[in-house]
Amino acid sequence: MNILGYATHAPTDDLGPFRFERRDQRSNDVVIDILYCGVCHSDIHNARNDWGGAVYPMVPGHEIIGRVASVGANVTRFKVGDKVGVGCMVDSCQHCAACQKNLEQYCAEGSTFTYNAIDRHDHMPTYGGYSERTVVSDKFVLKVPDGLDLAGAAPLLCAGITTWSPLRHWKVGKGSKVAVVGLGGLGHMGLKLANALGAEVTLFTRSPGKEQDARRLGAHHVVLSTDAAQMHAINGRFDLIIDTVPYIHDINPYIPTLSIEGTLVLVGYLGGLEPTLNTAPMILGRKSVAGSLIGGIAETQEMLDFCGQHGITSEIELIKIQDINVAYERMLKSDVKYRFVIDMASLSDE
């Protein structure tokens, strides 16, 4: 398939129009016309090779919403016209211990990511959702519930599942006390989902003035993390803290606010912690610091179904693909509430 998309050709290049070849459809594949694609912070990191391993030309995008254009001969779960989603993964080994537990994101052989990866069967590069069409194994295609705003649903495929997975793993429900660190693309989804699960929800923020928005999104309480008195007042409160901050930061102030056997889970930052983690409050309260990566396919479908039942979508600003470079710069300044989504119909203007 000859496909039009937007790509970057080097870490310092802007994204621009790019034609490329997608692999042929296999018998278990779904071909999808892309309607919307969310813009994730990791798109910037990958495009600019912040994490290393970038392969160019790169077409980013792993929050894909579209309609089925055709299905392979062995596909039975989808039909032409179905509303579907594709998240961060398009394949995995399917046989390791993680895959057998529906945790494909932790595949022992490495998941095949939606872009900046190599197809494990025909060894062609994978290109992402900043494009007009994609082809994906049916096992990695998700059903979008009726009634969800399609543009608002796109960030659920990354920001939504990234916060949903720890909420489910640590069994959050009625009576749980949950805090979210940071009110951005991930954080605002954490507030919405934790609230809908029945938890008492608190937002930690360094920025005064976010209380009204936080409460609208599902927070019952807002704590200014730079205020020592406010932090001391909530010692021992939280069963789970979801830390969505995407850059290096001090997590030590949050540990005392965990309850006995509470957990702080990092979902936004990949790398070494500074300052050094003080283990004393952890040992003295059996408190944990953990990490979590997106979610498996079954878990992602569960999240989408839950969002369909509760009418949950992301707060978005819809943009044209031609505005993607400006959107990247605005994201780096946290100038978006709370997720950019590309209207892929704008590709026809090229």
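Quick note: structure is the one above.
None of these values were measured; they are calculated from a predicted model.

(A) Just the overall build of the protein chain, in detail. Each helix and strand in the protein chain was counted, giving ten helices and 17 strands. Over its C-alpha atoms the protein chain spans a radius of gyration of 20 Å, differing by no more than 12% from the 20 Å that the globule rule assigns to 350 residues. Taking the principal axes of the C-alpha coordinates as reference, the protein chain spans close to 60 × 40 × 35 Å. Within the protein chain, buried positions represent 55% of all 350 residues. Considering only residue pairs separated by 6 or more positions, the protein chain has 67% of its internal contacts joining residues 24 or more positions apart.

(B) Inspection of the packing of aromatic side chains at higher detail. This structure, assessed with the given rule, holds six aromatic pairs. Each ring, one from Phe204 and one from Phe238, has its centre 5.6 Å from the other, and the planes form 80°; the classification is edge-to-face. One end of the pair, Phe204, is in strand 11 (residues 200-205); the other, Phe238, is in strand 13 (residues 238-243), with 34 residues separating them in the sequence. Among the aromatic side chains, those forming a connected cluster through ring pairs are Phe18, Phe20 and Tyr127. Positioned over the ring face of Phe78 is Lys143, at 5.9 Å from the centre of the ring.

(C) Representation of the layout of surface pockets. Considered as a void within the structure, the second largest pocket measures approximately 160 Å³ in volume. Lining the second largest pocket are 13 residues; nearest its centre among them are Arg26, Asn28, Asp91, His121 and Ser137. Its residues assigned to classes, the lining of the second largest pocket shows one nonpolar, five polar and seven charged.

(D) Structural context of the pairing of strand 5 (residues 83-86). As paired strands, strand 4 (residues 64-71) and strand 5 are joined by four bridges and run antiparallel to one another. Opposite Arg67, over in strand 5, you have Lys83 as the bridge partner. Relative to strand 9 (residues 142-143), strand 5 runs antiparallel, the two being bridged by two bridges. Bridge pairing in strand 9 places Val84 opposite Lys143.

(E) Expanded view of the side chain of Asn325. Along the polypeptide, Asn325 turns up in helix 10 (residues 324-332). Using a relative accessible area of 19% as the deciding quantity, one classes Asn325 as buried. Excluding anything up to four places from it in sequence, Asn325 contacts Asp14 and Leu15.

(F) Region of interest: empty space enclosed by the protein. For the structure on display, the rule yields three cavities of 30 Å³ or more. Each pocket or cavity is described by its volume, and for the largest cavity that value is around 160 Å³. Around the largest cavity, the lining residues are Arg22, Arg23, Val90, Thr114, Asp119, Met124, Pro125, Thr126, Tyr127, Thr134, Val135 and Val136. Tallying contributions element by element places strand 8 (residues 133-137) first for the lining of the largest cavity, with three residues. Roughly 80 Å³ of internal volume is contained in the second largest cavity. Looking at the second largest cavity, the residues that line it are Gly87, Cys88, Met89, Phe140, Leu142, Leu157, Ile161, Ile294, Gly295, Ile297 and Thr300.

(G) Helix 9 (residues 297-310), seen in detail. Helix length check: helix 9 (14 residues) gives 20 Å between terminal C-alpha atoms against 20 Å at 1.5 Å per residue, within 8%. Looking only at helix 9, the buried set comprises Ile297, Glu299, Thr300, Gln301, Met303, Leu304, Phe306 and Cys307. The elements touched by buried residues of helix 9 are strand 6 (89-91), strand 9, helix 4 (159-169) and helix 5 (185-196). At the C-terminal side of helix 9, Gly311 shows a positive phi close to 65°.

(H) A look at the sheet that holds strand 15 (residues 288-291). Spatial ordering of the open sheet is given by 12-11-10-13-14-15, a layout of six strands whose pairing is parallel. Of all the strands in the sheet, the pair left with one neighbour each is strand 12 (221-224) and strand 15. The sheet shows a mean angle of 20° between the axes of neighbouring strands, direction not considered. Note: strand 10 (residues 177-181) against strand 13, four bridges, orientation parallel. By the bridge assignment, Ala179 is partnered in strand 13 with Ile241.

(I) Region of interest: the nonpolar core. Residues Tyr130, Leu167, Leu191 and Ile324 are the most contacted members of the largest nonpolar core, which totals 88 residues. Counting residues per element, this core draws most heavily on strand 3 (residues 29-39), at six residues. Counting 16 residues, the second-largest nonpolar core is a separate cluster that includes Met231, Val245, Tyr254 and Leu266.

(J) Spatial organisation of the side chain of Lys192. Mapping Lys192 onto the fold places it in helix 5. Taking relative accessible area as the criterion, Lys192 reaches 15% and is therefore assigned buried. For Lys192, the contacting residues outside a window of four places in its chain are Leu217, Ile312, Thr313, Ser314 and Glu315.

(K) Spatial organisation of unusual backbone geometry. The peptide bond linking Tyr56 to Pro57 adopts the cis configuration, its omega dihedral lying at -5°. Within the secondary structure, Pro57 is located in the loop between helix 1 (41-47) and strand 4. Cis geometry marks the peptide bond from Lys337 to Tyr338; its omega dihedral reads -10°. With respect to the helices and strands, the residue Tyr338 is situated in the loop between helix 10 and strand 17 (339-343). The backbone of Asn49 sits at a positive phi, close to 55°, despite the residue not being glycine. We note that Asn116 has phi near 60°; this positive angle belongs to a residue other than glycine. Relative to the elements of secondary structure, Asn116 occurs in the loop between strand 7 (112-113) and strand 8.

Reading the values: rules and limits
Residues numbered from 1 in each chain as written. Predicted model: local features only at pLDDT ≥ 70, side-chain atom pairs only at ≥ 80, totals over all residues. Heavy atoms only, no water. Helix = DSSP H or I, 4+ residues; strand = E, 2+ residues; numbered from the N terminus. Rg over C-alpha atoms; globule rule 2.2 N^0.38 Å. Buried < 20%, exposed > 50% of the residue type's maximum accessible area, 1.4 Å probe, protein only. Contact = heavy atoms within 4.5 Å. Phe/Tyr/Trp six-rings, centres within 6.5 Å; stacked < 30°, edge-to-face > 60°. Lys NZ or Arg CZ within 6 Å of the ring centre and 35° of its normal. 1 Å grid on protein atoms, 1.4 Å probe; cavity = no way out; pocket = protein on both sides within 12 Å on 5 of 7 lines; lining within 4 Å. Points joined across faces, edges and corners; volume = space filled by probe spheres on them. Nonpolar A, V, L, I, M, F, W, Y, C, P; charged D, E, K, R; others polar. Pairing = 2+ DSSP bridges. Expected span 1.5 Å × (residues − 1). Axes fitted to C-alpha atoms, helices over the stretch in contact; angles between N-to-C directions. Core = buried A, V, L, I, M, F, W, Y, C linked by side-chain atoms within 4.5 Å.

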